[in-house]
Amino acid sequence: MRILITGGAGCLGANLVDRLVPAGHEILVIDNFATGHREALPSIPAVRLVEGSIVDQGLVDRCFDEFSPERVIHSAAAYKDPNDWQEDAATNVLGTINVVAAAQRTGVRRFVNFQTALCYGRPKQVPIPVEHPTAPFTSYGISKTAGEQYLAMSGLPYVSLRLANVTGPRLAIGPIPTFYKRLKASQKCFCSDTVRDFLDLSDFFALMDRVLADDAPTGIYNVSTGEGHTIKEVFDVVADYLGVELAEPVPVVPPGADDVPAVVLDASVTERTFGWKAEVPFAESVRRTLQWYDQYGVGAIFSHLAPPPTRG
Ligand SMILES: NC(=O)c1ccc[n+]([C@@H]2O[C@H](COP(=O)([O-])OP(=O)(O)OC[C@H]3O[C@@H](n4cnc5c(N)ncnc54)[C@H](O)[C@@H]3O)[C@@H](O)[C@H]2O)c1
């Protein structure tokens with residue numbers, strides 16, 4: 001199949017390229033390298049790279065016209081500066097509209113979107129069922145939710161996956177790379193008193209295989225193990241892996257104003273619909289990511305939360 005991947009040089013995008021190329025698919029990536037890396041993509045004929053922004057409608061249209069993709073995986077997203085509302089809205093809303101419109105115009109047969117669990121805002125219920133109302137309150141969450149809503153009314157055969165924290169190679173956001181990098185450098189850490197869900201990349205791949213199939217169901221789905229883990233648990237796995245023993249316990253601090261105490265997605269509808277279930281246990285998944293860092297290191301770490309007040 002010809003698969004166009006926006007944001008294909010990012011964490012999920014590049015991992016998907018690694019997964020899809022050996023299966024014989026042809027890939028076209030559009031990426032502006034805002035948070036992705038050119039080196040993440042193999043230099044092979046099966047993978048074409050177009051450097052540019054999905055905000056550029058002409059560029060998006062040319063890519064669709066020349067490549068005629070049968071599938072779109074829309075993975076590009078802006079989030080790296082929580083105060084840059086214009087960039088978030090440009091990429092996540094206008095950029096998404098450009099990609100959706102080009103997919104409509106050229107008759108794309110399946111459009112896969114990735115959505116953040118922050119679309120649920122401060123959930124009234126945890127684990128969060130997929131029918132829970134959306135109520136985002138951050139620039140990233142608001143703009144991603146608008147993008148998903150445009151896709152939902154496009155009439156395209158689409159799947160929007162609301163993802164837990166996908167854990168695996170190239171992960172450059174959140175507590176796992178942060179603790180690994182800081183503990184390796186003997187820097188102090190703290191844990192926000194929050195709970196999150198984590199999903200191993202191999203489980204994400206297993207679902208993507210089902211989602212990309214011709215006759216697969218469409219709609220919006222939560223993707224998660226359904227299990228919550230505290231950030232302190234993440235810290236403990238990283239510290240144990242690195243063999244770090246602290247003189248004092250790591251401080252656990254209340255969540256920041258733009259943070260949410262607990263985000264755990266209920267994926268039961270997804271499990272029933274796709275005959276899929278996450279299988280890799282939490283600590284094993286974190287350790288697999290740490291093994292990858294041992295080999296390839298951790299680059300720049302991004303966050304869609306405002307930075308915390310300075311702490312050691
Ligand atoms: N990784 C996760 O656990 C997770 C969880 C929830 C949602 N998501 C969603 O999955 C998608 C991929 O996330 P990721 O973790 O791989 O992040 P990432 O930052 O590694 O990848 C995003 C990619 O989009 C590119 N990009 C940004 N703005 C662009 C633009 N205007 N035009 C073209 N490319 C642009 C970036 O350079 C980057 O390569 C995003 O849509 C994100 O919202 C990811």
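Bringing the domain arrangement of the protein chain into the picture now. Interface size is commonly expressed as the accessible area that is lost once the parts come together. When its domains are assigned, the protein chain resolves into domain 1 (2-167 + 198-223) and domain 2 (175-196 + 226-264 + 280-296). Spacing between the C-alpha centres of domain 1 and domain 2 amounts to 26 Å. Across the boundary between the two partners, domain 1 contributes 12 residues, which contact 15 residues of domain 2. Within the side of domain 1 that touches domain 2, the residues separate by chemical class into 5 nonpolar, 4 polar and 3 charged.

Attention now goes to the site of the ligand. As a structural note, the neighbourhood of the ligand is formed by 29 residues, with Gly-7, Gly-10, Gly-36, Ala-77 and Phe-114 the closest of them. When contributions to the shell around the ligand are tallied by element, the ones reaching two or more residues are α1 (11-20), β2 (26-31), α3 (85-106), β5 (110-116) and β7 (165-167). Take the shell around the ligand: its biggest share by element is 3 residues, from α1. Across the shell around the ligand, the residue classes tally to 14 nonpolar, 13 polar and 2 charged.

So, on to the sheet that holds strand β12 (residues 229-230). In spatial order, the strands read β12-β9-β14; together these 3 strands make up an open sheet with mixed pairing. Looking at the sheet topology across the chains shown, the edges are occupied by β12 and β14 (262-263).

Attention now goes to the sheet that holds β2. Taking strand neighbours across the sheet as the criterion, the 7 strands line up as β3-β2-β1-β4-β5-β6-β11 in an open arrangement whose pairing is parallel. The open sheet terminates on both sides in strands that have one partner only, identified here as β3 (47-51) and β11 (219-223). The mean angle between the axes of side-by-side strands here comes to 20 degrees, regardless of whether they run parallel or antiparallel. Pairing geometry for β2 and β3, over 5 bridges, is parallel. In the sheet register, Val-29 faces β3, and the bridge partner there is Leu-49.

An α-helical segment advances 3.6 residues per turn. Residues three or four places apart therefore align on the same side. Taking 1.5 Å per residue as the helical rise, helix α9 (residues 282-296) with its 15 residues ought to reach 21 Å, and the 21 Å between its terminal C-alpha atoms agrees with that figure. Taken as a whole, α9 has its buried residues at Phe-282, Ser-285, Val-286, Thr-289, Leu-290 and Tyr-293. Seen along its axis, α9 keeps its buried residues to an arc of 140 degrees; they face one direction. For α9, exposure combined with an orientation more than 90 degrees from the buried face picks out Glu-284, Gln-291, Asp-294 and Gln-295. Among the structural elements, β7, α5 (175-184), β10 (198-200), β12 and α7 (231-242) are those in contact with the buried residues of α9. Phi turns positive, to about 80 degrees, at Gly-297, one or two residues after α9.

Turning next to the pairing of strand β1 (residues 2-6). With 4 of its 5 residues buried, β1 lies for the most part within the structure. Where β1 lies against β2, 5 bridges are found, and the strand directions are parallel. Each residue of the ladder has a partner; that of Leu-4, found in β2, is Leu-28. In this sheet, strand β4 (residues 71-74) lies alongside β1 in parallel orientation, the contact comprising 4 bridges. When the bridges of β4 are listed, Ile-5 appears paired with Ile-73.

If you trace the backbone, Pro-251 turns up in the loop between α7 and β13 (252-253). Each C-alpha atom, one on Pro-251 and one on Leu-20, is 42 Å from the other, the two residues being 231 residues apart in sequence.

What counts, and where the lines are drawn
Residues numbered from 1 in each chain as written. Predicted model: local features only at pLDDT ≥ 70, side-chain atom pairs only at ≥ 80, totals over all residues. Domains from an automatic or database assignment. Contact = placed C-beta atoms within 7 Å. Nonpolar A, V, L, I, M, F, W, Y, C, P; charged D, E, K, R; others polar. Near = placed C-beta within 6 Å. Helix = DSSP H or I, 4+ residues; strand = E, 2+ residues; numbered from the N terminus. Pairing = 2+ DSSP bridges. Axes fitted to C-alpha atoms, helices over the stretch in contact; angles between N-to-C directions. Expected span 1.5 Å × (residues − 1). Buried ≥ 20, exposed ≤ 12 C-beta atoms within 10 Å, placed from the backbone. Arc of directions from axis to C-beta.

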